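Residue-level structural notes
Chain by chain, the residues:
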Amino acid sequence: MVNLTFYGGVNEIGGNKILLEDKDTKILIDFGMSYGHKAIFFDDFLRPRTSGGLSDFLRCGLVPDLNGVYREDLLLSIGRERADPNIDGVLLSHAHLDHAAYISFLHEKIPVYCGETCKMILEALQEAGSRDFETEILSFKARPDTRKNPEIQRKFETFRTGKSFMIGNCEITPVHVDHSIPGDYAFLIRTSEGTVAYTSDLRTHGSRPDMTEDFIQVATKSEPVALISEGTRINEMKPDAGEVGVRDGCASAVENAEGLVVADFNFKDVDRFHTFESIAKENDRKLAVSLKDAFFLKYLSSDPQLGLPKPDSSDIIVVPPRVKTGQYLESDYTVAERQFISNANCMRADELLKRQDEIVACLGYFEMNTIADMKPSHGSLYVYSSSEAFNEEMVLDHKRLRRWTDFLHMRYCESHASGHASGMDIMQMIKRIKPETVFPIHTESPGSFEGTAKTVVRVETGIQYPVSRKPT
Ligand SMILES: [Zn+2]
Ligand SMILES: [Zn+2]
């Protein structure tokens, strides 16, 4: 008997948390944070309390109430007994927090399986110091006394595409897929009832459609009994212009810009980095990146396939934020940050003021003070190339961003390509793979999957769905 239970990603975009059970084998597929669900109860100032351990998360349904899953210190925090884990492994598809964040709460003895590049991104995030209670994915210190307690490393096993491995009695084959972050993998899980395929987040209009095509082909061959499919944009039927469209959408604006050019995009989107890298080169400009993004380059430049510069490369400039004393003293920065501060390519905003027409600054909303320090001159441009606002807070932030660009007299343009396949592409993918059953997740419109397969399950949270050769 094989069962699937969905604890996140149900009628919402992100927060995937899926339990697959095959006889004695129990596998979690992703264990991410549900941004939408969390925003129902919390915001930047009203947050789940770290001091409460898991209690606020459990109360509001941000994590499921399961036995044999969570860290011992967190169990004690909610008055439960210590317990050994009864999960054989976590399959982590990619490093976006809506898939990875709540691995932070899992018992350290549960091994996490992910791609090599995914692990590097998690290392970069950890060293950049952006970890907190909800992003202690690689390691953590037992609460409540994190000063005295030693660092506990979680067990990670990394894979490359096509290299199969076993978890309990299931054979797993990870297959690379294209998305807005490198190191993203779909999975084929061979269970005693046949293959269960999981798409992760994917697209076919990015720079590497061949990778997604690899998955579709391998999945089709496996004749899956079930396909767990993302459907972020299931209702969007128009074809996507992809990265070429992004380039076309802003290249001439950058060419016509006179002062500063700001490119606001998610730095983990390596395709977007390369798009702006080549636009910058064509306009005799250099990319200037934030200090926090230098950590990302430090780790990912070691993957030759990604073609990223090292953080001390003379091809880029690293811009430190103005913090603490405001004097840009070495002591103003964390020990980890200091490795970049003394490099020859590190330049302050006030130093860049006179050279603003020589750079494309990869900065965004949260670095607006730094951008203002550069005093954008007449003819400066702000290119917004991040995902569209999908909740009220993001809409408010975006309004504020536009007020800033107006205030700084910067021209503004938008150019973006989604990390997710259009509805048309998802439907074509399912028709080719021909699964017996489809479980739509990571979507607000599961009903739009009707007709894509013999059975389409309208998933509900916490319900156990049997998977078998003959659908029941
Ligand atoms: Zn996602
Ligand atoms: Zn994603």
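Criteria and cut-off values
- Residues numbered from 1 in each chain as written.
- Chains lettered and ligands numbered in written order.
- Predicted model: local features only at pLDDT ≥ 70, side-chain atom pairs only at ≥ 80, totals over all residues.
- Helix = DSSP H or I, 4+ residues; strand = E, 2+ residues; numbered from the N terminus.
- Rg over C-alpha atoms; globule rule 2.2 N^0.38 Å.
- Buried ≥ 20, exposed ≤ 12 C-beta atoms within 10 Å, placed from the backbone.
- Contact = placed C-beta atoms within 7 Å.
- Domains from an automatic or database assignment.
- Expected span 1.5 Å × (residues − 1).
- Pairing = 2+ DSSP bridges.
- Right-handed = clockwise from strand over helix to strand, strands pointing away.
- Core = buried A, V, L, I, M, F, W, Y, C linked by C-beta atoms within 7 Å.
- Axes fitted to C-alpha atoms, helices over the stretch in contact; angles between N-to-C directions.
- Nonpolar A, V, L, I, M, F, W, Y, C, P; charged D, E, K, R; others polar.

Turning our eyes to something else, we now look at the overall build of the protein. Across its full length, the protein carries 14 helices and 22 strands. Over its C-alpha trace the protein gives a radius of gyration of 23 Å, about what one expects of a compact globule, namely 23 Å for 472 residues. Out of the 472 residues belonging to the protein, those deemed buried represent 48%. Considering only contacts within the protein whose residues lie at least 6 apart along the sequence, 69% involve residues at least 24 apart.

Once that is clear, we can look at the domain arrangement of the protein. With domains assigned, the protein is organised as domain 1 (2–236 + 420–467) and domain 2 (242–414). Put simply, the middle of domain 1 and the middle of domain 2, counted by C-alpha atoms, are 31 Å apart. Contact with domain 1, which involves 17 residues of that partner, is made by 19 residues of domain 2. When residues of the side of domain 1 that touches domain 2 are traced back to their parent elements, those giving at least two are helix H1 (35–41) and helix H5 (116–127). Of all the elements, H5 adds the most residues to the side of domain 1 that touches domain 2, at 6 residues.

Here the focus is helix H13 (residues 392–407). Along an α-helix, residues three or four positions apart point the same way, because every turn accommodates 3.6 residues. For H13, which comprises 16 residues, the first-to-last C-alpha distance of 23 Å matches the rise-based estimate of 22 Å (1.5 Å per residue) to within 8%. Where burial is concerned, little of H13 is hidden: 1 out of the 16 residues are buried. Downstream of H13 by a residue or two, His409 has a phi angle that is positive, lying close to 55 degrees.

The subject of this paragraph is the pairing of strand E16 (residues 316–319). Along E16, one buried face is formed by Ile316 and Val318 and the opposite face, lined by Ile317 and Val319, is buried too. Taken together, the 4 bridges between strand E15 (residues 286–290) and E16 define a ladder with parallel strand orientation. Paired with Leu287 across the strands is Ile316, a residue of E16. As for the winding sense of the linkage, the β-α-β connection from E15 through helix H9 (residues 291–300) to E16 is right-handed.

Turning next to the nonpolar core. Counting 129 residues, the largest nonpolar core has Val90, Val261, Ala288, Val360, Ala361 and Cys362 as the members making the most contacts within it. Broken down by element, this core gets its largest block of residues, 7 residues, from H9. Mapping this core onto the domain boundaries places at least three of its residues in each of domain 1 (2–236 + 420–467) and domain 2 (242–414). Dropping the residues within four chain positions of it, Val90 is found in contact with Leu28, Phe31, Ile103, Leu106, Ile110, Val112 and Tyr113.

On to H5. Along its 12 residues, H5 runs 17 Å from first to last C-alpha, staying within 8% of the 16 Å computed at 1.5 Å per residue. Residues of H5 that are buried include every one of Thr117, Cys118, Lys119, Met120, Ile121, Leu122, Ala124 and Leu125, and no others. Looking at the buried residues of H5, the elements they touch are strand E5 (112–115), strand E8 (156–159) and H9. In the stretch just after H5, Gly129 is the one whose phi turns positive, near 80 degrees.

Moving on: the sheet that holds strand E18 (residues 381–384). Read from one edge of the open sheet, 6 strands run E16-E15-E17-E14-E18-E19, paired in parallel fashion. Pairing within the sheet leaves two strands with one partner each, and these edge strands are E16 and strand E19 (411–414). Put simply, the sheet's adjacent strands are angled 25 degrees from each other on average, direction ignored.

Along the chain, Gly249 turns up in helix H7 (residues 242–256). By the C-beta count within 10 Å, which is 17 here, Gly249 ends up partly exposed.

Bringing unusual backbone geometry into the picture now. Note the cis peptide between Arg143 and Pro144, where omega equals 10 degrees. In this structure, Pro144 sits in the loop between strand E6 (139–141) and strand E7 (151–153). With a phi angle near 50 degrees, Lys23 is a residue other than glycine that sits in the positive phi range. Of note, Lys23 is situated in the loop between strand E2 (17–22) and strand E3 (25–31). With 12 C-beta atoms packed within 10 Å, Lys23 lands in the exposed category. The phi dihedral of Glu223 is positive, around 45 degrees, even though this residue is not glycine. Accessibility expressed as a C-beta count within 10 Å gives 13 for Glu223, which makes it partly exposed.

What follows deals with the packing of helix H6 (residues 209–221) against helix H14 (residues 423–433). Two numbers describe how H6 lies on H14: the axes approach to 8 Å, and their chain directions differ by 35 degrees. Only Met429, Arg432 and Ile433 of H14 make contact with H6, whose side of the interface consists of Ile216, Ala219 and Thr220. Of the residues that constitute the contact of H6 with H14, the class distribution is 4 nonpolar, 1 polar and 1 charged.

Quick look at the pairing of E15 now. Along any regular strand, the residues point their side chains to alternate faces of the sheet. In terms of residue burial, E15 counts as a mostly covered element, since 4 of its 5 residues are buried. Two strands pair when backbone bridges link them, and E15 and strand E17 (residues 359–362) are joined in this way by 4 bridges, in the parallel orientation. Each residue of the ladder has a partner; that of Leu287, found in E17, is Val360.

This next bit is on the sheet that holds strand E22 (residues 464–467). With mixed pairing, the 7 strands of this open sheet are ordered in space as E8-E5-E4-E3-E2-E1-E22. If you trace the sheet from one side to the other, it starts and ends with E8 and E22, each paired once. Strand-to-strand twist in this sheet, taken as the mean axis angle between neighbours without regard to direction, amounts to 25 degrees. Sheet topology note: the strand E4 (residues 89–91)/E5 ladder contains 2 bridges and is parallel. When the sheet's bridge partners are listed, Val90 is paired in E5 with Val112. Across the face of the sheet, H5 comes into contact with E5 and E8 while running at roughly 100 degrees to E5.

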